[in-house]
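Residue strings, one per chain:
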Amino acid sequence: MSFRKRHFPAATKRDWNDWKWQLKSRIKDAAGLDRIIKLSNSERTAMERHNGILPVGITPYYASLLDPDVPTQPLRKTVVMVENEFLRSPGEAEDPLNEDGHTPAPGLVHRYPDRVLFLVTGTCPVYCRYCTRSRMVGKPGGEYSFNTGPWENAIHYIAATPAIRDVLISGGDPLILSDERIEWLLSRLRAIKHVEFLRIGTKVPAALPQRITTPLVRMLKRYHPFFLSIHFTHPDELTPEVADACGRLADAGIPLGSQTVLLAGVNDDLNTLRSLFQGLLKIRVKPYYLYQCDPVVGAAHFRVPVERALEIMRGLRGHTTGYAVPTFVIDAPGGGGKIPLLPDQQLERSGDQILLRNFEGKIFPYLDPKPRLVPISFRKAVGDDLG
């Protein structure tokens, strides 16, 4: 590969395909990134000024997808910081979803009645600049990670709460953990009788596809029903390496769903999202959620007006297969949970009819009579006649 030979001349092909080498070799500062791309003034100033939360971290593989000359390239905007990150806008917060306010045990968020979010690490293969958990991922002084002590406390809470039937393991990114640690977690959770299925939220297949090894997939397969939610952003991520990684997972019977954040100047375009969602189906990933970007501090330049999002959803529905249309949701600030929004396609009711608008904008009446109570004696008489 020309990129590897040009920018990592000491790395062999075997190194490049080793996920541990990729993780260890992440680009983390302006000097390292300057060797690969021509930094804009905003990018350079931001990186040199930064000394707090949400550092830069980019795997060599993901760096190979960046345009070295165009700062406005979509993927580049998602992983290279700019000066706008230092601006705070109205409504923003360090913990916009109030996850810390729904934490009964370290690393565990219990917002919905029957499911919990289990945060097991603060490390990611790449650090997305709009990250909801920027308050905790890649903390200065050592990348934040839990260990088996806090994990035990969280598992004890899950075991003592029979209403919990679904555990989503996230972070950070759980798939940067060793196979042994992941299996330790999965085996402990699977042993809890009322936990019906397990999920992992990850960007690894998109940003570090080398991690999806045969031993990892073989191990994950042992814990069905097991689901994987993958964070995809743009069609440029759908490389042959990513297709192979998702293929290995799908062949193991693991349902794959994508979670995409709507981002200004990155993917807030009908053609871009349609290409992404249709491309995901080709590699057996079901578009699941399209998220409104959360109001986390420093992410205002990524947020798209909700009406624009609904306009894009109108352009998807009916114009591509339903499997390629995710649910657009806003995760309500303060911990209200995910709220789905749909384009307004029911216009009004007139008596027993409602008027509907289809994907072409045409209006159709639909007969929807209100239930009419039938006297029991009449129903019996009708039944006797039919008998």
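Before reading on, note that the structure itself is shown above.
Q: Can you break down the overall build of the protein chain residue by residue, with the values?
A: Scanning the protein chain from terminus to terminus reveals 15 helices and 12 strands. Its C-alpha atoms give the protein chain principal-axis dimensions of about 90 × 50 × 40 Å. The 387 residues of the protein chain split such that 51% are buried. Considering only contacts within the protein chain whose residues lie at least 6 apart along the sequence, 73% involve residues at least 24 apart. Within the structure as shown, the protein chain displays about 18,100 Å² of accessible surface, and the carbon and sulfur contribution to it stands at 54%. Where the 50 positive side-chain charges of the protein chain centre and where its 42 negative ones centre are 4 Å apart.

Q: Explain the environment of Y61 residue by residue, including any values.
A: Here Y61 shows up in helix α6 (residues 60–63). Sequence spacing of Y61 and S25 is 36 residues, and the spatial spacing of their C-alpha atoms is 9.8 Å. Ignoring anything within four residues of it in the chain, the contact list for Y61 reads W16, Q22, A206, A207, P209, Q210, E237, T239, E241 and V242. Engagement of the side chain of Y61 in a polar contact is seen with the side chain of T239, the distance being 2.6 Å.

Q: Before we move on, could you go through the nonpolar core and cite the residues and values that matter?
A: Ranked by size, the top nonpolar core spans 90 residues in total, and within it I58, F118, I158 and V167 carry the most contacts. Residue contacts for F118: discarding those within four places in its chain leaves G107, L108, W151, A154, I155, I158, V167, L168, I169, S170, L185 and L189. The next biggest cluster of nonpolar side chains, apart from the first, holds 12 residues, and it includes Y130, V261, V266 and V296.

Q: Can you lay out helix α9 (residues 179–190) for me, pointing to particular residues and giving the numbers?
A: Relative to the 16 Å expected for 12 residues at 1.5 Å per residue, α9 spans 16 Å between its end C-alpha atoms, a close match to the ideal helical length. Among the residues making up α9, those that are buried are D179, I182, L185, L186 and L189. Here the buried residues of α9 occupy an arc of 135 degrees about the axis, which is enough to place them on one side. For α9, the elements touching its buried residues are β2 (115–119), α8 (148–159), β3 (166–170), β4 (197–202), α11 (214–221) and β5 (226–231).

Q: Describe in detail the packing of aromatic side chains, supporting the description with residues and values.
A: According to the stated counting rule, one finds 10 aromatic pairs in the structure shown. The rings of F3, F8, W16 and W21 are connected pair by pair, giving a single aromatic cluster. Seen from the ring of F8, R35 lies directly overhead, with NZ or CZ sitting 5.8 Å from the centre. We note R211 situated over the ring of W19; from NZ or CZ to the ring centre the distance is 4.0 Å.

Q: I'd like a description of a nonpolar patch on the surface, backed by residues and values.
A: A grouping of L356, F364 and Y366 is seen on the molecular surface, where their side chains present a nonpolar patch of about 280 Å² in accessible area. Turning to its location among the elements, L356 is positioned in strand β11 (residues 353–357).

Q: Which residues make up the environment of R44, and what values go with them?
A: Within the secondary structure, R44 sits in helix α5 (residues 41–49). Overall, the relative accessible area of 28% leaves R44 in the partly exposed class. Once residues lying within four places of it in the same chain are set aside, the contact partners of R44 are D34 and L39.

Q: Please provide a residue-by-residue account of the sheet that holds strand β8 (residues 327–332), values included.
A: Spatially, the 9 strands line up as an open sheet ordered β1-β2-β3-β4-β5-β6-β7-β8-β9, and their pairing is mixed. What marks the edges here is a single partner per strand, and that holds for β1 (108–112) and β9 (337–340). Across the sheet, the mean angle separating the axes of adjacent strands is 25 degrees when strand polarity is ignored. When β5 meets strand β6 (residues 256–262), the two strands line up parallel, connected through 4 bridges. Bridging across to β6, S229 finds its partner in G257. Sheet contacts for α9: β2, β3, β4 and β5; angle to β4, the most-contacted strand, approximately 150 degrees. Where helix α13 (residues 270–282) meets the sheet, its contacts fall on β6 and β7 (286–292), and the angle it forms with β7 comes to roughly 145 degrees.

Q: Please set out the side chain of D331 residue by residue, giving values where relevant.
A: As for its placement among the helices and strands, D331 is situated in strand β8. The buried charged residue D331 lacks any salt bridge partner; its closest oppositely charged side chain belongs to R111, at an N-O distance of 4.1 Å. Within the structure, the side chain of D331 is placed 3.5 Å from the backbone nitrogen of K338, a separation counted as a polar contact. Excluding residues within four positions of it along the chain, D331 makes contact with L97, R111, Y112, Y291, D294, G337 and K338.

Q: Explain the packing of α13 against helix α14 (residues 306–316) to me, and be specific about the residues and the numbers.
A: Across the interface, α13 lies against α14 with an axial gap of 10 Å and an inter-helix angle of 55 degrees. Classified by the interaxial angle, the pair formed by α13 and α14 is oblique. The element α13 and its partner α14 pack so that their crossing is right-handed. Across the interface between the two elements, L270, L273, R274 and F277 of α13 pack against R308, I312, G315 and L316 of α14. Partitioning the contact of α13 with α14 into residue classes produces 5 nonpolar, 1 polar and 2 charged.

The rules behind each value
- Here, residues in each chain are numbered from 1, in the same order as that chain's written sequence.
- Two thresholds apply to this predicted model, a pLDDT of at least 70 for residue-level local features and 80 or more for giving and counting side-chain atom pairs, whereas whole-chain, interface and lining totals are computed over all residues.
- The side-chain values count all of the structure's non-hydrogen atoms but skip hydrogen atoms and water molecules.
- Helix numbering and strand numbering both begin at the N terminus, where a helix is a DSSP run of H or I of at least 4 residues and a strand a DSSP run of E of at least 2.
- A 1.4 Å probe rolled over the protein chains alone gives each residue an accessible area, and that area as a share of the maximum for its type sets the label: buried under 20%, exposed over 50%, partly exposed in between.
- By definition, residues are in contact when any of their heavy atoms lie within 4.5 Å.
- Each accessible area value is a Shrake-Rupley result obtained with a 1.4 Å probe; residue values ignore everything except the protein chains displayed when judging cover.
- Charged-residue counts in this description rest on Lys and Arg as positive and Asp and Glu as negative, His and the chain ends being excluded.
- Charge coordinates come from a single atom per side chain, which is NZ of Lys, CZ of Arg, CG of Asp or CD of Glu.
- Here a polar contact means two N or O atoms within 3.5 Å. Within protein one must be a hydrogen donor candidate and the other an acceptor candidate, and residues neighboring in sequence count only if both atoms are side-chain atoms.
- Joining through side-chain atoms within 4.5 Å is the link that ties buried Ala, Val, Leu, Ile, Met, Phe, Trp, Tyr and Cys residues into a set, and such a set is a nonpolar core.
- One less than the residue count of a helix, multiplied by 1.5 Å, gives the span that helix is expected to have.
- By arc we mean the arc of the directions from the helix axis to the C-beta atoms, nothing more.
- What counts as a ring pair is set by centres within 6.5 Å for rings of Phe, Tyr and Trp (its six-membered ring), and what kind of pair is set by the plane angle: stacked under 30 degrees, edge-to-face over 60, tilted for all other angles.
- Any Lys NZ or Arg CZ found within 6 Å of a ring centre and within 35 degrees of that ring's normal is scored as a charge over the ring.
- Each patch is built from residues lacking any salt bridge and having more than 30% relative accessible area; the joining distance is 9 Å for like charges and 5 Å for nonpolar side chains (Val, Leu, Ile, Met, Phe, Trp, Tyr).
- A pairing counts as a salt bridge when a side-chain nitrogen of Lys or Arg comes within 4 Å of a carboxyl oxygen of Asp or Glu.
- At least two bridges found by DSSP between two strands are what make those strands a pair.
- Fitted lines through C-alpha atoms serve as axes, helices being fitted only where they are in contact, and the angles separating the N-to-C directions of these axes extend from 0 to 180 degrees.
- Roughly parallel refers to an angle under 35 degrees, roughly antiparallel to one over 145, roughly perpendicular to one between 65 and 115, and oblique to any angle outside these ranges.
- When the near helix sits turned anticlockwise from the far one by under a right angle, the crossing is termed left-handed; a clockwise turn instead gives a right-handed crossing.
- Each residue is assigned to one of three groups, with Ala, Val, Leu, Ile, Met, Phe, Trp, Tyr, Cys and Pro labelled nonpolar, Asp, Glu, Lys and Arg labelled charged, and all others, Gly among them, labelled polar.

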